[in-house]
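These are the residues of each chain, in order.
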Amino acid sequence: MTALAISNVVKRYGATETVCGVSLEVEAGQRVALLGHNGAGKTTLMKMVLGLTPVSAGSIEVLGSQPGSRTARTATGFLPENAAFHGALTGREQLHHFARLKSVALSAADDMLTRVGLAAAADRRIRTYSKGMRQRVGLAQALLGRPQIALLDEPTSGLDPVSRHEFYDIVDELAQSGTTVLISSHALTELETRCDRIAILSAGQLVADGDLAGLRKAARLPVRFNVTATMEMADSVAAHLQGKRVNGHSVALTCQENEKIELLGRIAALGQAITDFDVEPPSLEELYRHYSAIDRGGL
Amino acid sequence: MPVFHVTRLELMIARRNWWVATSVILMAIFSVVLTLAGGAPTGSLGVAPVLVATTSITTLSVYLVPLIALLLSHDAIAGEVERGTLALSLSYPLSRAEILIGKFLAHLLVLAFAIAVGLVLAAALIAFRFGLPELSIPPLLRLFLTSLTLGAAFLGMGYCVSGLVRQPSVATGMVIVIWLISVVLYDLGLLGALVADNGGTFTRSVFPWLLVANPADAFRMLNMPDVSVAVLASGLSAAGSVSGTTGQLVSLLSWPVLTLVFAWTAFRKVEL
């Protein structure tokens, strides 16, 4: 089932186009990473999906309804970048308010506070919270009532590594229960293993959209091999594989995705001369740089 | 009802707002002081103590009620936009009209509380000093309701400013100017024009309408209907008789309605 259908969406502010003809269809239960440099149009796209700002051209459907309609808003959870709340309220009061607006039981809001690790601080004013704690309040409200679509703008900024891990556990749980999750982030390494699909925006255009394997294939970026040879064989291994000696007796070499198996065979054939080897496919960071640069006429 | 959820939240915030606490205390102190001080002339003038008290409190309310209302309302939209809380609120099933009305109801309740505290204290003092028979309720009730309407008018103006400007600091500056113009400078300007006109057409046909058009003056006239009492405060009653109570009421009641509609129109255009 299509949860979110964005087709040829354009957003103009005066003469400047910040989103230029973006199309994206997201299925229920999919976890999509929305990547892009600052000002690439990620937040604008999210705001259009929420109906906070109108589209200049094109159309968006949220669960078959117009963005900003009551149906769409009831089914959507949103975590804004730098989530802010009124400092005079306590975490519990703020979350209870959101629960009332979404017709969710107040006990569910209390459970959510515990889930994000704020149970002990729930009755303190938000003014006294750290950035990470405010981010947790933001996360808790976005996930209240198990939304069908969760839009998370930079959700892990301000969270420590352990909290980030816990955050992605919650996201996994949500996705398993059928929630579509759209995450915009700069923390590429953590998204790499936690998302089903990656969409890259660059200067308002969608320059890549697919799963990690698909993007790697299309980008044709080299796969890195790191072969560790015995001390006395290092030179001959380097010469045989046409690699570069690094770090004493290691040999670094690269190949294309389709040559991987053949190269692996050649390494295996070296037998006793090899003590270890690692294969490193292009990281999301490299892919991101690759796709963003194409659009800017770089590379 | 989403509107009442917003009202509830705003009341929680107001409860912890020291501006609100200060204004309630100020209203209470001034009401008590004016009622006590106002008791002095009753003997010689033979005016009912309630009328003396309401006249004094009217003069006070004309300054304080608009000020409290503007302080409560100026941050309502611009402040939320700047903090980034508005975008989040609007991602919930909640319309801009519901947010505005919810805030308005909360702020109105705060004003009602501040006004009521002062009036109840004044009434208690009158009953204590002059005995229960001297305590007539209608003037007090009229003062309460008109003060609240005056407050509503200035709440509306505060929301208009808050919806039109981007920064809360600009909104603060603008509401201070609005307050200064409507409760101080407007009357001074009219007075200057009266002196310059020296009893001409302006004085007879334009001035009374200009006077009643200002909600603060309409409020003042509504609460000083008795000519003998009006002498205690100012010479406005003569002008008041031209527009009549209906004119004063229409002016005072249309301000909240018109400003709220305008504020909502401005709020709808705020892009996030």
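Residues numbered from 1 in each chain as written. Chains lettered and ligands numbered in written order. Predicted model: local features only at pLDDT ≥ 70, side-chain atom pairs only at ≥ 80, totals over all residues.

(A) How the structure looks around the overall build of chain A. If you tally the helices and strands in chain A, you get 11 helices and 13 strands. Judged by the C-alpha coordinates and their principal axes, chain A covers about 70 × 50 × 35 Å. Across the 299 residues in chain A, those meeting the buried criterion constitute 42%. For chain A, long-range pairs separated by at least 24 residues make up 68% of all intrachain contacts whose partners lie at least 6 apart in sequence. (Helix = DSSP H or I, 4+ residues; strand = E, 2+ residues; numbered from the N terminus. Buried ≥ 20, exposed ≤ 12 C-beta atoms within 10 Å, placed from the backbone. Contact = placed C-beta atoms within 7 Å.)

(B) Broad picture of helix 3 (residues 91–101) of chain A. A large share of helix 3 of chain A lies buried, amounting to nine of its 11 residues. Residues Gly91, Gln94, Leu95, His96, His97, Phe98, Ala99, Arg100 and Leu101 of chain A constitute the buried set of helix 3 of chain A. Packing partners of the buried residues in helix 3 of chain A comprise helix 4 (106–115) and helix 5 (131–142) of chain A together with helix 1 (2–15) of chain B. At the exit of helix 3 of chain A stands Ser103 of chain A, carrying a positive phi of roughly 55°.

(C) Summary view of the nonpolar core. Counting residues in each nonpolar core, the largest one holds 140 residues, and the members touching the most others are Val49, Ala140, Leu151, Ile198, Ala199 and Ile200 of chain A. Considering each element in turn, this core owes the most residues, 13 residues, to helix 4 (residues 49–73) of chain B. Every residue in contact with Ala140 of chain A, bar those within four places of it in the chain, is listed here: Leu95, Met112, Leu113, Val116 and Leu118 of chain A. Within the second largest apolar cluster, 10 residues are counted, among which are Val227, Ala234, Leu241 and Cys255 of chain A. (Core = buried A, V, L, I, M, F, W, Y, C linked by C-beta atoms within 7 Å.)

(D) Region of interest: the sheet that holds strand 2 (residues 16–27) of chain A. Residue and element names in this part refer to chain A. Taken in spatial order, the three strands make up an open sheet running 2-1-4, and their pairing is antiparallel. Looking at the sheet topology across the chains shown, the edges are occupied by strand 2 and strand 4 (57–62). Ignoring which end each strand starts from, the neighbouring axes of this sheet average 15° apart. Pairing geometry for strand 1 (residues 2–13) and strand 2, over eight bridges, is antiparallel. Paired with Ala5 across the two strands is Glu25, which belongs to strand 2. (Pairing = 2+ DSSP bridges. Axes fitted to C-alpha atoms, helices over the stretch in contact; angles between N-to-C directions.)

(E) Structural detail: the domain arrangement of chain A. Domains assigned within chain A are domain 1 (2–211) and domain 2 (222–281). Look at where the C-alpha atoms of domain 1 of chain A and domain 2 of chain A centre, and you get two points 43 Å apart. (Domains from an automatic or database assignment.)

(F) Focus on the sheet that holds strand 11 (residues 244–246) of chain A. All names here are of chain A. Within the open sheet, the four strands sit side by side as 11-12-10-13. Their pairing is antiparallel. Here the strands that pair on one side only, and so sit at the sheet edges, are strand 11 and strand 13 (274–280). Taking the axes of each pair of neighbouring strands and ignoring which way they run, one obtains an average angle of 25° across the sheet. Examined bridge by bridge, strand 10 (residues 223–229) and strand 12 (residues 250–255) share six bridges and lie antiparallel to one another. Bridge assignment links Val227 to a residue of strand 12, and that residue is Val251. On top of the sheet, helix 9 (residues 234–241) reaches strand 10, strand 11 and strand 12; it is set at about 10° to strand 12, its chief contact. Packing against the sheet, helix 10 (residues 260–269) makes contact with strand 10, strand 12 and strand 13, and its axis sits at approximately 5° to strand 10.

(G) Local environment of unusual backbone geometry. Residues and elements named next belong to chain A. A positive phi angle, close to 50°, is found at Glu154, a residue other than glycine. For Glu154, the position within the fold is in the loop between strand 6 (149–153) and helix 6 (161–176). For Glu154, a count of 19 C-beta atoms within 10 Å puts it in the partly exposed group. Backbone geometry at Gln242 places phi at a positive 55°, although glycine is not the residue there. Relative to the helices and strands, Gln242 resides in the loop between helix 9 and strand 11.

(H) Representation of helix 10 (residues 201–213) of chain B in the model. Between the first and last C-alpha of helix 10 of chain B there are 18 Å, a value that for 13 residues agrees with the 18 Å anticipated at 1.5 Å per step. At Phe207 of chain B, helix 10 of chain B shows its maximal bend, which comes to roughly 45°, and the proline Pro208 of chain B appears one to four places after that position. (Expected span 1.5 Å × (residues − 1). Bend = angle between axes of the 7 residues up to and from the residue.)

(I) How the structure looks around the environment of Glu25 of chain A. All names here are of chain A. Assignment of secondary structure puts Glu25 in strand 2. A sequence separation of 12 residues divides Glu25 from His37, and the C-alpha atoms of the two residues are 21 Å apart. Not counting residues up to four positions away in its chain, the partners in contact with Glu25 are Thr2 and Ala5.

(J) Broad picture of the confidence of the model for chain A. Mean pLDDT for chain A: 89, with 98% of residues reaching 70 or above. Here helix 11 (residues 284–295) of chain A stands out as the element of chain A with the lowest mean pLDDT, 81, in contrast to helix 3 of chain A, whose mean of 96 is the highest. (pLDDT = per-residue confidence, 0-100.)

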